[in-house]
Amino acid sequence: GKNLAHGQNSKIVGKNIIDLRDPEGVYIVKNVLKAGNSPRGHGWSEYRWINGVTKSVEKKRVYTEKFGDLYISCGIYQ
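Residues numbered from 1 in each chain as written. Predicted model: local features only at pLDDT ≥ 70, side-chain atom pairs only at ≥ 80, totals over all residues. Heavy atoms only, no water.

Engineer: Got a sec to walk through the overall build of the protein? Specific residues and values, please.
Structural biologist: Along its length, the protein carries one helix and three strands. For the protein, the sequential pattern of α-helices and β-strands runs α-β-β-β. Since a compact globule built from 78 residues should have a radius of gyration of about 12 Å, the 12 Å found for the protein is in line with a globular shape. In the protein, buried positions account for 23% of the 78 residues. (Helix = DSSP H or I, 4+ residues; strand = E, 2+ residues; numbered from the N terminus. Rg over C-alpha atoms; globule rule 2.2 N^0.38 Å. Buried < 20%, exposed > 50% of the residue type's maximum accessible area, 1.4 Å probe, protein only.)

Engineer: Would you mind going over the layout of surface pockets in detail, with residue names and values included?
Structural biologist: The computed volume of the largest pocket comes to approximately 1100 Å³. What lines the largest pocket is a set of 33 residues, among which Asn3, Ala5, His6, Ile12 and Ile17 lie closest to the centre. Elements that contribute at least two residues to the lining of the largest pocket include exactly α1 (28-36), β1 (42-50), β2 (57-67) and β3 (70-77). Considered class by class, the residues forming the lining of the largest pocket number 19 nonpolar, ten polar and four charged. (1 Å grid on protein atoms, 1.4 Å probe; cavity = no way out; pocket = protein on both sides within 12 Å on 5 of 7 lines; lining within 4 Å. Points joined across faces, edges and corners; volume = space filled by probe spheres on them. Nonpolar A, V, L, I, M, F, W, Y, C, P; charged D, E, K, R; others polar.)

Engineer: Summarise the confidence of the model for the protein; cite the residues concerned and give the values.
Structural biologist: Per-residue pLDDT for the protein has a mean of 95; in total, 100% of the residues score no lower than 70. Here β3 is the element of the protein with the lowest mean pLDDT, 95, and β2 is the one with the highest, 97. (pLDDT = per-residue confidence, 0-100.)

Engineer: A description of the side chain of Thr64 should follow, citing residues and the corresponding values.
Structural biologist: Examined against the element boundaries, Thr64 turns out to sit in strand β2. Judged by relative accessible area, which is 0%, Thr64 ranks as buried. Of the polar contacts made by the side chain of Thr64, one reaches the side chain of Ser73; its length is 2.7 Å. Residue contacts for Thr64: discarding those within four places in its chain leaves Val32, Ala35, Gly36, Gly41, His42, Gly43, Tyr71, Ile72 and Ser73. (Polar contact = N/O pair within 3.5 Å; in protein donor to acceptor, adjacent residues only side chain to side chain. Contact = heavy atoms within 4.5 Å.)

Engineer: Please set out the pairing of β2 residue by residue, giving values where relevant.
Structural biologist: Where β1 lies against β2, nine bridges are found, and the strand directions are antiparallel. Along β2, the bridge assignment pairs Ser45 with Val62. In this antiparallel pair of consecutive strands, β1 and β2, the connection spans six residues, and Lys55 shows a positive phi of 65°. Both β2 and β3 contribute to a ladder of eight bridges, which runs antiparallel. Paired with Lys60 across the two strands is Tyr77, which belongs to β3. The hairpin turn running from β2 into β3, its antiparallel successor, is two residues long, and Gly68 in that turn takes a positive phi close to 65°. (Pairing = 2+ DSSP bridges.)

See the structure below:
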């Protein structure tokens, strides 16, 4: 759950965010890890988050791949 990099929020870099939840209570990082730990080693997860452009809470899809003990994720707003 330790965040090593983030493209928009440097305040969470270096912090353990394993219990981070979206406004509806969805565990964001736990679902990312679940996708990366799937038998294929990658997958999609969804949650709601503040879009940095529109400033509103929107549905976000995140693709995650596991490389060794790292999980690399990239998200898109729908």
